[in-house]
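Breakdown of the fold
As a plain string of letters, each chain reads:
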Amino acid sequence: MKFAVIAAIGVSVLASSAFAASAPAAAAGAAAAKPNTRTFDPHDLAGVWTHSSRAVFNWSLNEKYAAILKKRRDDEAAGRPLLKANSCSPAPLIEMMTRPVGPLEFAPIHDDRLVISKSNGSIYRVYFKRPHPAPEDVEPSLFGDAVGHWEGDTLVIDTVGLGGTDFTDGQIPHSPVMHVVQRLRRTAFDKLENRITVEDAEAFTRPATAVQIYTLTPDEELNEFYCTNDRIVYDSNGKVSIAPPH
Amino acid sequence: MKRLVPLSAIAAVLAMGGAAAAHHSGAMFDDKKTLVFENATVKEFQWSNPHAWLEVSVPTATGPQDWSLEMVGLGGMRRAGWKFNSVKPGDKIKVTVNPTRDGSHGGRADLVTLADGKVLRGQGPVRPNGAPAE
């Protein structure tokens, strides 16, 4: 039997302006939906929030880091994906907050901290009652050190120490000095806006920005995500293949 | 050699939902090629993370071939309407596949037509803007 073969064409999307949001169709859909006029406490972010779209950043890399990105893409095209993009590692911060794969659970603990988690093992803790440690004492980690404070109805989360990995939302490289500021504001009962600014003096020519919108999905239950059957195998050259079923 | 595109400041281009990511790299699959398995027999349905897998036997002129077909993680599977018991060994299904680049009997399952005619997506639900969820 001959297999039917169908040609397909991939499409790339170019990010342009600052604070670029979701695709036009998604935005139009959101605009057409009836707004939820239920009253709410703007300081109450507790609940399960699902990405309504995917934020598009206006990355601008310097020459050194643009070369790193090019190599990553060339390797990907050659069947050698970024090794550190392990399918069983939690998504790092920017990917966690902007990639629409599974909802986020916001769980405040009194007025001391906010724990944001995702099914894939990402757990991000924001502390309200202390500042960042001195720069030399910030331990590099996947989610860094995050502190938050309220400016009116906007929760400002400042994160440093993001040296646990060197890619943002999949491939974009960054340095350990990357600094992320998120400004979260509940704009309606069921809408949460996150205006994200990413700075990196060693990798970017200017800050990158994006807006991510989440919708409250109170009935959503996060499922576990433990890699009990990881069949993607990398050889010593970074070439990827599928392990046999047993 | 004259460089056509300066590297000093580059705005990165991201394919919608297609860039390699922490939990779903599709680099091994050929997105420009689609195979259609009209009468595949399910050998095993692995309901697991980071990916669900369909093990199928595909009839060919030279005899049956065993194929390993990757699907998305269970979150995406559930949102696309799959359940852990949506298929069982022995079921006859139709499936469209992006095969591996290296020619091995593996691929990424896209549309799966179940024995009862129901069609489910192996790569998660389609988002309102047309891009796949995962």
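Residues numbered from 1 in each chain as written. Chains lettered and ligands numbered in written order. Predicted model: local features only at pLDDT ≥ 70, side-chain atom pairs only at ≥ 80, totals over all residues.

**Re the overall build of chain B**
Within chain B, the secondary structure is distributed over 1 helix and 8 strands. Of the regular secondary structure in chain B, the N- to C-terminal order runs β-β-β-β-β-α-β-β-β. Looking at chain B as a whole, 43% of its 134 residues qualify as buried. The long-range fraction of contacts in chain B, counting pairs at least 24 apart against all pairs at least 6 apart in sequence, stands at 51%. (Helix = DSSP H or I, 4+ residues; strand = E, 2+ residues; numbered from the N terminus. Buried ≥ 20, exposed ≤ 12 C-beta atoms within 10 Å, placed from the backbone. Contact = placed C-beta atoms within 7 Å.)

**Looking at the pairing of strand β5 (residues 65-70) of chain B**
Residue and element names in this part refer to chain B. When strand β4 (residues 53-58) meets β5, the two strands line up antiparallel, connected through 6 bridges. In the strand pairing of β5, Glu55 is matched with Ser68. Linking β4 back to β5 in an antiparallel pair, the connection comprises 6 residues, with Gly63 at a positive phi of about 115°. Bridge count for β5 against strand β7 (residues 106-113) is 3 bridges, and the pairing is parallel. The residue of β7 that forms the bridge with Leu69 is Gly107. (Pairing = 2+ DSSP bridges.)

**So, the sheet that holds strand β9 (residues 154-160) of chain A**
Residues and elements named next belong to chain A. The 9 strands are arranged β3-β5-β6-β7-β8-β9-β10-β11-β12 in a closed barrel whose pairing can be described as mixed. Neighbour-to-neighbour, the strand axes of this sheet turn through a mean angle of 30°, independent of strand direction. One ladder, built from 7 bridges, connects strand β8 (residues 145-151) with β9; its direction is antiparallel. From the neighbouring strand, His149 faces β9, where its bridge partner is Val156. (Axes fitted to C-alpha atoms, helices over the stretch in contact; angles between N-to-C directions.)

**Here we look at the pairing of β9 of chain A**
Residue and element names in this part refer to chain A. In textbook terms, the turn of a hairpin is the stretch between consecutive antiparallel strands, and for β8 and β9 this stretch comprises 2 residues, one of which, Gly152, has a positive phi near 65°. By the bridge criterion, 6 bridges tie β9 to strand β10 (residues 179-188) in an arrangement that is antiparallel. Within the sheet, the bridge partner assigned to Thr154 lies in β10 and is Arg185.

**Here's the deal with the confidence of the model for chain A**
With 85% of its residues at a pLDDT of at least 70, chain A reaches an overall mean of 85. Here residues 1-28 of chain A is modelled with pLDDT under 50, and outside its nearest four sequence neighbours on either side it reaches 61 contacts, counting other chains as well. (pLDDT = per-residue confidence, 0-100.)

**What to know about the nonpolar core**
Core analysis: the largest hydrophobic core is formed by 44 residues, its most contacted members being Phe57, Leu61, Leu93, Tyr124, Val180 and Val198 of chain A. In terms of residues, this core owes the most to one element, strand β12 (residues 208-216) of chain A, which gives 5 residues. If we skip the residues at most four places from it in the chain, Tyr124 of chain A touches Leu93, Met96, Ile116, Phe143 and Ala146 of chain A. Counting residues in each nonpolar core, the second largest holds 24 residues, with Ala40, Leu54, Val56 and Ala80 of chain B among its members. (Core = buried A, V, L, I, M, F, W, Y, C linked by C-beta atoms within 7 Å.)

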